[in-house]
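# Observations on the three-dimensional arrangement
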Amino acid sequence: MMKTTDKAFAKKLFGAKYERLTRTLLIDLIVFLGLHTAGFQVQIAPSVRILLVSSFTAGVMWQALSSEDNAIELQHMLMLPVQRREFVFSYIAALGGYTVLTRTGMLLAVLLAVSAWKTIEIIGIVTCMIHAVLMAAAVYSLRKYWYAGALWTAVVASVIVLLGNRPWMFLLLFMSGMSAALFLWRADGYAFYNTGSCVKHAVRQRKRASLWRYFFRYLCCHKNYLVNTAVMWCAAIVMPYFFREMGQFVIPFGFAVLSLNTPICILLSCDRDLEQAVRFLPGQKKRFCIPYCMFIFFCNMAADVIFLLSWQIQNGGVTVLIIAGAVFFALLSAALSVLLEWFCPVRSWKIESDLWHHPRKYVVPVIMLLLAVLGVKALPFL
């Protein structure tokens, strides 16, 4: 039974003939060989590498567990007569394999190419990835007791930061991983079932509800989207501290970075039913796209306002021209994001994590960065 369940989830995530896995590993190999051949080297402390790989793996694993598309498949599988423990560990193994091989693999290829590694360090990183998968799954299954999960996460992060350069730190991670495995041993499949999709459809079926109400309720039904927005606001607060030595010329670059709020820019791509309804009904192009553009604009402006307030408090010198630049960057990035969603939606995805990490997410921020560079170069001629 476990082998059958593994194969069912694996074929969904990697393709019927595992073609997606082959393609991803080939890309990882090309990236590694390209960077290694270039001879580019960076000194990275072991604690930083461990924290980076662990946090990235755990974050992607959490996104995979939170996927609404996965919840539908999970609901169908739970209707079958399955062994509780075998089902849980086969489900975690499939999502963990997807996380490590398709997401963390790219990060690991870059780190292996640009920094020197010892054999014991590679074994330690593998241990960290397995630990991150098990811990993310265990904390997710105990999300009703979020305070315990937050404390556990804080303790593990502190151990990595403080003891990351010591070999016996991996023993502590091994003990944490075994604790996570024990929690999973007692869990059942319903602990991973996400009911957010039911809430979302209920909101959509509500009559006479404005698009603005839909947008905000959509965010409220997706707590991870709110967390991502809160992270962007925290970045907006701390960026002026790191940019203070560069002067006001770097402010447009801050606006460009803050336009990278992926969840609110993939509304049509992640909700196939909504996209079908919007495109099927007449006159929906203007009726949907304009409010959607303004919604993204206000989200971008909220981050830009926090950034400018933090800059004014720490460095000073915010002018009317800079505020106008913030409005320009926020409005242009919102318009480009909506145009991408309308004309080039992402459809070839298996779970929502694919959308969060799709290369298309960098198109608008890169355009904003290029405009920031052009603006800085044009300043001497004004």
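Structure's up top.
All values reported here derive from a predicted model rather than from experimental measurement.

## As for the packing of helix α3 (residues 46-66) against helix α5 (residues 84-114)
- Remark: α3 packs on α5, axes separated minimally by 9 Å, with the N-to-C direction vectors making an angle of 140°. Judged on the interaxial angle alone, α5 and α3 are oblique. When the axes of α3 and α5 are compared, the crossing they make is right-handed. Each of Leu-52, Val-53, Phe-56, Thr-57, Val-60, Met-61, Ala-64 and Leu-65 in α3 lies in contact with α5, whose residues at this interface are Tyr-91, Ile-92, Leu-95, Gly-96, Tyr-98, Thr-99, Val-100, Arg-103, Thr-104, Leu-107, Leu-108 and Leu-111.
- Within the contact of α3 with α5, the residues separate by chemical class into 15 nonpolar, four polar and one charged.

## Examining helix α7 (residues 146-163)
- Over its 18 residues, α7 runs 25 Å from end to end, which matches the ideal 26 Å to within 8%, given 1.5 Å per residue.
- For α7, every residue scored as buried is listed here: Gly-149, Trp-152, Val-156, Val-159, Ile-160 and Leu-163. In a view along the axis of α7, the buried residues occupy a sector of 105°, so they form one face of it. What points out from α7, more than 90 degrees from its buried face, is the exposed set Trp-146, Leu-151, Val-161 and Leu-162.
- Buried residues in α7 make contact with α3, α6 (119-141) and α8 (169-186).

## Some thoughts on the nonpolar core
- In this structure, Met-61, Leu-65, Tyr-91, Ile-92, Met-169 and Phe-192 are the most contacted members of the largest nonpolar core, which totals 49 residues.
- Counting only elements with at least two residues in this core, the list comes to α1 (2-14), α3, α4 (68-78), α5, α6, α7 and α8.
- Counting 30 residues, the second largest nonpolar core, distinct from the first, contains Leu-268, Val-278, Tyr-292 and Ala-334.

## Notes on the pattern of salt bridges
- Inspection of every chain in the model, using the stated rule, returns one salt bridge.
- Linking Arg-49 and Glu-121 is a salt bridge whose minimum nitrogen-to-oxygen distance equals 3.1 Å. Taken together, the residues Arg-49 in helix α3 and Glu-121 in helix α6 connect sequence positions 72 residues apart.

## Here we look at the packing of α7 against α8
- Between α7 and α8, the least distance of the axes is 10 Å, while the angle of their chain directions is 165°. It follows from the interaxial angle that α7 and α8 lie roughly antiparallel. Here the hand of the crossing between α7 and α8 comes out left-handed. Judged by residue contacts, Trp-152, Val-156, Val-159, Ile-160 and Leu-163 of α7 engage Met-169, Leu-172, Leu-173, Ser-176, Ser-179, Ala-180 and Phe-183 from α8.

Reading the values: rules and limits
Residues numbered from 1 in each chain as written. Predicted model: local features only at pLDDT ≥ 70, side-chain atom pairs only at ≥ 80, totals over all residues. Heavy atoms only, no water. Axes fitted to C-alpha atoms, helices over the stretch in contact; angles between N-to-C directions. Helix = DSSP H or I, 4+ residues; strand = E, 2+ residues; numbered from the N terminus. Parallel < 35°, antiparallel > 145°, perpendicular 65-115°, else oblique. Left-handed = near helix turned anticlockwise from the far one by under 90°. Contact = heavy atoms within 4.5 Å. Nonpolar A, V, L, I, M, F, W, Y, C, P; charged D, E, K, R; others polar. Expected span 1.5 Å × (residues − 1). Buried < 20%, exposed > 50% of the residue type's maximum accessible area, 1.4 Å probe, protein only. Arc of directions from axis to C-beta. Core = buried A, V, L, I, M, F, W, Y, C linked by side-chain atoms within 4.5 Å. Salt bridge = Lys/Arg side-chain N within 4 Å of Asp/Glu carboxyl O.

These results come straight from atomic positions and should not be treated as a statement about function.
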